[in-house]
Amino acid sequence: MEETANFSSSANTVKMAKTMNKNLCRLAKVAEEVCPKKEHVVNRILLQFAGFLRSLAQVMRELQKDLETMPVEYTALEMTQLEAEVKNSEILLHDILGRSSLYLLTCCSTLIDQVKNCAAISGVFLDNVVLEGSSDALRLHVSEAKELLEKGMPKLDPKDRILCNSFDDGALDSIVSDYSLSNKLAEQIADSLRIALDSDAFSTELAKLKVERTEAVELRGKVHSLYLEQFIVLLEKAIASKRKPVRIDSYEKVDNIHRDIPMLPLQSFICPITKDVMRDPVQIASGQTYERSAIERWFGEGHTRCPTGVELKNCKMKPNFALKQSIAEWRERNYNIRLENANELLNNVESNEEEQLKAVQDLQALCEEESLNKYKVANKNLIPRLVKLTKSSSMLAVKAFSTLAVLAKENSESQVIMVENGIIDLIVHCLARQKEAAPQAVYLMRLLSENQDTAEKISHARNAVLFLVTLIQEEEFAENVGCILENLPKSDNDVITMAEANIMGPLVSRLIEGEYESQILMAKTLGRLHMPDRSKEFVASTETISTLIEMMNNDDSENHEGCLAAIKALESLSSVPSISRIVENVGGIQILVKQLNSVKSSGTIKTGAAHVLANIFSATVEDYAGKSDREAELEELIIMFLSLMGPITAPDVHYYILQGMIGLANGNKISLTAKTKMKEREAFKLLINLWMTATDRRVKERAVELFSFLSRSFGDDACSALKEKQGSLNVILDMLKEGYTESDHAVAASILADLPPKDKQILIFLQQANIMPQLVKLLENVNDVVVEASVGALLRFCMIKEHQPKLAEMKVIQKMVSLLCAGRCLTKERAALALYYFSKSTRSLIKKPDTPSCWSCFSSRPDVCKLHRGFCSIEGTNCLLEASAVKPLVQALKEQNMSCVHAALRALTTLVGDDVGDKEFGHRLIAQENGDGIVAIIGLISSGTPEVQEICANLCEKFFSLAEYRNKYGVVAQMHIIGLAQKGSSTQRQIAGRILRQLELLHSQSNYFAVSAAGNP
């Protein structure tokens, strides 16, 4: 066991040595890359360090070899400590990698301390790494590494050491307070970098340091940032002195020159945990002082020791008042210095933009760090200066607006000063032109708008609301702009401007609660805006609609404008079905009807009322179904509508009344009731008179459309009305011509399709009008509704044998086959019926082949139709086999609509009738090679309507007369046939009995079927 433990320990040490070798080599490479400038002191420090690291890496490699070959027990404590110190060095070097030359100088002291720490730990390691039996190579490399340590590391000349010591903690404070020492240090720095202090190259390095100072707040905390700030000020003063020497007449003047440099915090001010200056220092049992929140978090995580590792008697904390007071005094002094610096830069006409930007940034930081500094900024009269800076270049304006926002937050005194100095107009100007500063400007306006007096001034500022509403659609502005608009007192024009930007809340409030004149303006706005449905739904609350209805119900002639505005608003809103329901629920229909019938109402108001009613009926038509009280109301409305069909009614009113009635006639549940009541009130005659006399084409088209809806249910009545009024049918036929819309074509063809197909008078009229070519042409239309209606209109011609040749010449049979494959359900039904009528005539059109003669073998003969045993063609004999119609008809058997299935079955039965030449071939055509046809027909015996079941049973009887189908599909059909025998009609049971005998099932179950048959009527 002991040997195993030793082996495990040795193996771990080998692994650690191997890892350390890699880490040391990597760290040496980083050390060489941090500062490539040979003249730089950091370059000399790190090159020495890199050489030592590589020597130490050699030691690790030899140690690894020794441990792999020698079975010695080695304690790795020193190596663990060295590993930790190497990691600390790596973190530091990566932090300063790529930094400017000046930044690296500020790190000299820290670098030297880290190198010394690493050297000390390495020395302990080297003293203990050589054991008995260690190789000569290991001993040699250890000796070389120790030799490097004995020489001292880092080894610097006196000049470099003096320069590095200047950057020790507290040293910079004493230097910056002395004018001559500051200049001397700056010259030493320039000399060490071999760059002239007043050169452009030095200014470039200083600019890099300023950027790094900004980043330092996040990377290393505010204390380090303040240290860099102090260093930057020192260098700037020295450069300025170099370029324009300062004459010193007294010590007081020297003091004044350097009094504006903030002091670095004492080390005791900094919390060891947060690495930042403390605000609430507390002392714990170990005597150490920490920031209260930081040490509370430490104890909260379960620690019972001090962060330094000392065991604590308790976790009590007591305030360190003396230190807190010292920190407060230090902070106050620095605040005053920074404020004075900013004041000097902002009010100095010689300050450049960069200096002004720095001053503005520091003012913002001062106010964020301590809110009381806002009053100091105001007292220094800096707010007017900041307001002026908002007119500057983009970056300076951004910072000025941002700083003003910090000053304005929860500080009404600062807000008043800003407003007095014209900040509102400057914000509006910014929104119009300076896009870069717009987010900060809008946020400042939001803070200002929280004051009622200021909000009123914003609302009166020219174009302020206009620019705000244009920004609300942009995500980065939406929240702030929304709050501003909510805070502003709004004039009617402002509310309208917001509504035009889809901000509807103020408009709704003004419409419901405003004065009557304001209500009219809001209603007019709703009437003219093109709003999306979601906006309409937001606007149209019950209160809003009730207000509009009330405005519309005002009979006072002086309030005509309000009534018209309300009507226009309702026209727009009621296009959304849910809003139409609200209009109905608040009693809007009665008021609209009242306006429609009133002699006081203008034509525009009547038109609007009719339009709103049309929208309501389209949305609420089903609400009348199954309710006797509502049906009575429906009848009254229909009577009123039809009474307005006369010539004195304006065309626009006619148009919308017709739209409303179409909505009623088009309902799923109420359609027949509504159409019946219209028919009873002689709607057919009224509609014919309307389309015969109306001059407005839209009215004619809607009258014909309503007529078509009624004719679907009452074709005979429609036919009688058309025959009674001479010339009325011509209007419908005209609508089939070019120049009319597809919707008009569909309506006209639909009326023709709904007229009684066997009415001779209508047929003769259509023949004389030569309407067939127009209808056939419409079959090629891309609009499915037009095609559906056209097929229906053509059916009356397809069923008459005399018209079939002409139709066949126009390729109608092929078109019907195509429609079976791609048409709508009703289109397929009508196409199948057309093919049925064509196919019925085939037998009488077939020419039988002549009896073969002796010369027949010497002449070619046309192919004989396998089905009809004669010479067939599509145009000549209407042959469905030649037209490739069988497969599409079989496919139609899979439709859900039984009317379509029934029509397809009727067409298929013409292929197996007694007059067909080869019925067995017909059976095979329908069954299809893959059995699709026969399987579909068997399934329909159970799922079809009675008529479909009977046709399918008859077909199965014919199929099963062939042994091939009887053997293959008899078992599949068995349960369907038995079900038909149990539940079918007398005729169906007879057919089922015959099929069961074919399948040899009746005899074995004859008693069962006898009982079943007895139980059925």
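Analysis parameters
- Residues numbered from 1 in each chain as written.
- Predicted model: local features only at pLDDT ≥ 70, side-chain atom pairs only at ≥ 80, totals over all residues.
- Heavy atoms only, no water.
- Helix = DSSP H or I, 4+ residues; strand = E, 2+ residues; numbered from the N terminus.
- Buried < 20%, exposed > 50% of the residue type's maximum accessible area, 1.4 Å probe, protein only.
- Contact = heavy atoms within 4.5 Å.
- Areas by Shrake-Rupley, 256 points an atom, 1.4 Å probe, with all protein chains shown as cover.
- Salt bridge = Lys/Arg side-chain N within 4 Å of Asp/Glu carboxyl O.
- Core = buried A, V, L, I, M, F, W, Y, C linked by side-chain atoms within 4.5 Å.
- Axes fitted to C-alpha atoms, helices over the stretch in contact; angles between N-to-C directions.
- Parallel < 35°, antiparallel > 145°, perpendicular 65-115°, else oblique.
- Left-handed = near helix turned anticlockwise from the far one by under 90°.
- Nonpolar A, V, L, I, M, F, W, Y, C, P; charged D, E, K, R; others polar.
- Phe/Tyr/Trp six-rings, centres within 6.5 Å; stacked < 30°, edge-to-face > 60°.
- Pairing = 2+ DSSP bridges.
- Expected span 1.5 Å × (residues − 1).
- pLDDT = per-residue confidence, 0-100.

## Let's talk about the overall build of the protein chain
Argument step 1. Across its full length, the protein chain holds 56 helices and three strands.
Argument step 2. Split into buried and exposed, the 1017 residues of the protein chain put 51% on the buried side.
Argument step 3. For the protein chain, contacts bridging at least 24 residues in sequence account for 70% of all contacts bridging at least 6.
Argument step 4. On the protein chain, roughly 49,100 Å² of surface is accessible, and the fraction owed to carbon and sulfur atoms is 50%.

## Thoughts on the pattern of salt bridges
Argument step 1. Summed over all chains, the structure comprises 36 salt bridges.
Argument step 2. A salt bridge links Glu62 to Lys65, with the nearest nitrogen and oxygen atoms 3.7 Å apart. With Glu62 and Lys65 both in helix H2 (residues 41-69) and three residues apart, this pair spans about one turn of that helix.
Argument step 3. Residue classification places Glu62 among the buried positions, given a relative accessible area of 11%.

## What to know about the nonpolar core
Argument step 1. The biggest cluster of nonpolar side chains holds 183 residues, and the ones touching the most others in it are Leu548, Met678, Met816, Leu889 and Phe960.
Argument step 2. The contacts of Leu548, once residues within four sequence positions are left out, are Leu511, Ala523, Ala566, Ala569, Leu570 and Leu573.

## Here we look at the packing of helix H46 (residues 825-840) against helix H50 (residues 898-909)
Argument step 1. Following both chains from N to C, one finds H46 and H50 inclined at 20°, their axes separated by 8 Å at the closest point. Between H46 and H50, the interaxial angle falls into the category roughly parallel. The interaxial crossing formed by H46 with H50 has left-handed handedness. Between H46, through Cys825, Lys828, Glu829, Ala832, Leu833 and Tyr836, and H50, the contact on the second element is made entirely by Ser899, Cys900, Ala903, Ala904, Arg906 and Ala907.
Argument step 2. Here the contact of H46 with H50 is composed, by residue class, of eight nonpolar, one polar and three charged.

## With respect to the packing of aromatic side chains
Argument step 1. Under the criterion given, the structure shown has eight aromatic pairs.
Argument step 2. Measuring from centroid to centroid gives 5.5 Å for Phe617 and Phe641, while their planes differ by 80°, and the two rings are edge-to-face. With Phe617 in helix H32 (residues 603-620) and Phe641 in helix H33 (residues 628-643), this residue pair connects regions lying 24 residues apart in the sequence.
Argument step 3. By relative accessible area, which is 0% here, Phe617 ends up buried.
Argument step 4. Judged by relative accessible area, Phe641 falls into the buried class, the value being 1%.
Argument step 5. Their ring planes at 70° and their centres at 5.0 Å tell us that Phe684 and Phe707 sit as a pair that is edge-to-face. Placement of the pair is Phe684 in helix H36 (residues 683-693) and Phe707 in helix H37 (residues 697-713), with a sequence separation of 23 residues. With respect to burial, Phe684 and Phe707 carry one shared label: buried.

## A word on the sheet that holds strand S3 (residues 318-319)
To summarise the sheet geometry, strands pair through backbone hydrogen bonds and adopt either a parallel or an antiparallel arrangement.
Argument step 1. In spatial order, the strands read S2-S1-S3; together these three strands make up an open sheet with antiparallel pairing. Bordering the open sheet on either side are strand S2 (289-291) and S3, each of which pairs with just one other strand.
Argument step 2. Where strand S1 (residues 281-283) lies against S3, two bridges are found, and the strand directions are antiparallel. Counted as the bridge partner of Gln283 is Lys318 from S3.
Argument step 3. Running at roughly 95° to S2, helix H12 (residues 292-300) makes contact with S1, S2 and S3 of the sheet.

## A short note on the packing of helix H28 (residues 542-552) against helix H29 (residues 560-573)
Argument step 1. The interhelical angle for the contact between H28 and H29, taken along N-to-C directions, is 140°, at an axis separation of 7 Å. Comparing the axis directions of H28 and H29 gives the class oblique. Regarding H28 and H29, the two cross each other, and that crossing is left-handed. In this structure, H28 contributes Ile545, Leu548, Ile549, Met551 and Met552 to the contact, and H29 contributes Gly562, Cys563, Ala566, Ile567, Ala569, Leu570 and Leu573.
Argument step 2. Across the contact of H28 with H29, the residue classes tally to 11 nonpolar, one polar and no charged.

## Description of the environment of Gly587
Argument step 1. Within the secondary structure layout, Gly587 lies in the loop between helix H30 (577-585) and helix H31 (588-597).
Argument step 2. Of the residues examined, Gly587 reaches a relative accessible area of 23% and is grouped as partly exposed.
Argument step 3. Residues Gly587 and Ile549, 38 residues apart in the sequence, show an inter-C-alpha distance of 8.2 Å.

## Looking at the side chain of Thr607
Argument step 1. Inspection of the secondary structure puts Thr607 in helix H32.
Argument step 2. In contact with Thr607, not counting residues within four places along its chain, are Asp652, Val653 and Tyr656.

## Quick notes on helix H17 (residues 394-408)
One turn of an α-helix holds 3.6 residues; hence residues three or four places apart share an orientation.
Argument step 1. End to end, H17 covers 21 Å across 15 residues, agreeing with the expected 21 Å (1.5 Å per residue, within 8%).
Argument step 2. Burial of H17 is extensive: 12 of the 15 residues sit out of reach of the surface.
Argument step 3. Buried residues in H17 make contact with helix H14 (353-369), helix H15 (373-379), helix H16 (383-389), helix H18 (412-420), helix H19 (423-433) and helix H20 (438-449).
Argument step 4. Looking one or two residues past H17, Glu410 carries a phi angle of roughly 55°, positive in sign.

## Observations regarding the confidence of the model for the protein chain
Argument step 1. With 90% of its residues at a pLDDT of at least 70, the protein chain reaches an overall mean of 83.
Argument step 2. Counting contacts from residues 1007-1017, a segment whose pLDDT is below 50, to residues more than four positions away or on other chains yields 12 contacts.

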